[in-house]
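What follows is the residue order along each chain.
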Amino acid sequence: MTEATPAGPEKDAPRDTPWDRLSGSPQDFVEGVQVENSGDFAAVPDAFQRLWTPHRMVYIQDGQQPHPDDCPFCIAPSMDDEKALIVARGKYAYVLLNLFPYNSGHLLVCPYRHVATYDEATPEEVAEIGSLTQVAMRVLKATSGCDGFNLGMNQGRIAGAGIAEHLHQHIVPRWALDSNFFPIIAGTKAIPKLLGEVRREVAEGWPVSTV
């Protein structure tokens, strides 16, 4: 009886390489050449896979932060509401549409003062940011019929803040069926309404006196 040939790429391995030094897994060979096995290196394995993206070093090193003199959240209040996408103004803070929305109606609540993080805001600013956020949620429910919200602040560049030097809170309306694979497979977010249309609806639905 003929002895069975061992499974694996033994025929592709160098003759002077002992079989027990090879992983024996076909995926460890590419076109007959053995590739390095991560299990042979000094490391602590975990459950994560790695996607190496050296091209993102440009983003990491240079970032997307504006020049201090060009802060969009400092400039916006000096502009016309329609042009700046502002939907409401308070005494210490104001509300505007995100120019790069995750969903239709994605709002930002910003203090007028140029402060970077929440702990630097005054009690008056904190109170008004909170009250404007509540009103914004009520208006979005009424104008868009959304089912829920994501609220949050990214504090600092390391935390993902797009404009790290000026505090802003995100209000993102969510719908039961607003998730799909389009952002994953195409790197594109589908926004069903134009910013100007959404701004008009929210501004018209905003109570006359909120602060």
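Residues numbered from 1 in each chain as written. Predicted model: local features only at pLDDT ≥ 70, side-chain atom pairs only at ≥ 80, totals over all residues. Heavy atoms only, no water.

J.: I'm lost on the packing of aromatic side chains in this one. Help?
T.: Aromatic ring pairs are reported here in terms of the distance separating the ring centres and the angle at which the planes meet. Enumeration over the complete set of coordinates arrives at one aromatic pair. With 5.3 Å between their ring centres and 25° between their planes, Tyr94 and Tyr112 make a pair best called stacked. Of the two residues, Tyr94 is situated in strand 4 (residues 93–97) and Tyr112 in the loop between strand 5 (107–111) and helix 4 (123–144); the sequence distance between them amounts to 18 residues. The exposure class of Tyr94 is buried, given its relative accessible area of 0%. Judged by its relative accessible area of 25%, Tyr112 is partly exposed. (Phe/Tyr/Trp six-rings, centres within 6.5 Å; stacked < 30°, edge-to-face > 60°. Helix = DSSP H or I, 4+ residues; strand = E, 2+ residues; numbered from the N terminus. Buried < 20%, exposed > 50% of the residue type's maximum accessible area, 1.4 Å probe, protein only.)

J.: Could you clarify how one ought to interpret the UniProt feature "active site" (unreviewed entry) in the chain in this entry?
T.: Those places that UniProt annotates as "active site" (unreviewed entry) correspond, in this numbering, to His168. By the secondary structure assignment, His168 is in the loop between strand 6 (148–152) and strand 7 (169–174). Its relative accessible area of 7% is what places His168 among the buried residues. The residues contacting His168, other than those within four sequence positions of it, are Phe73, Leu108, Val109, Cys110, Gly152, Met153 and Ile163. A polar contact is formed between the side chain of His168 and the backbone oxygen of His166, at a distance of 2.8 Å. (UniProt positions renumbered as here; feature names shortened; annotations may be inferred. Contact = heavy atoms within 4.5 Å. Polar contact = N/O pair within 3.5 Å; in protein donor to acceptor, adjacent residues only side chain to side chain.)

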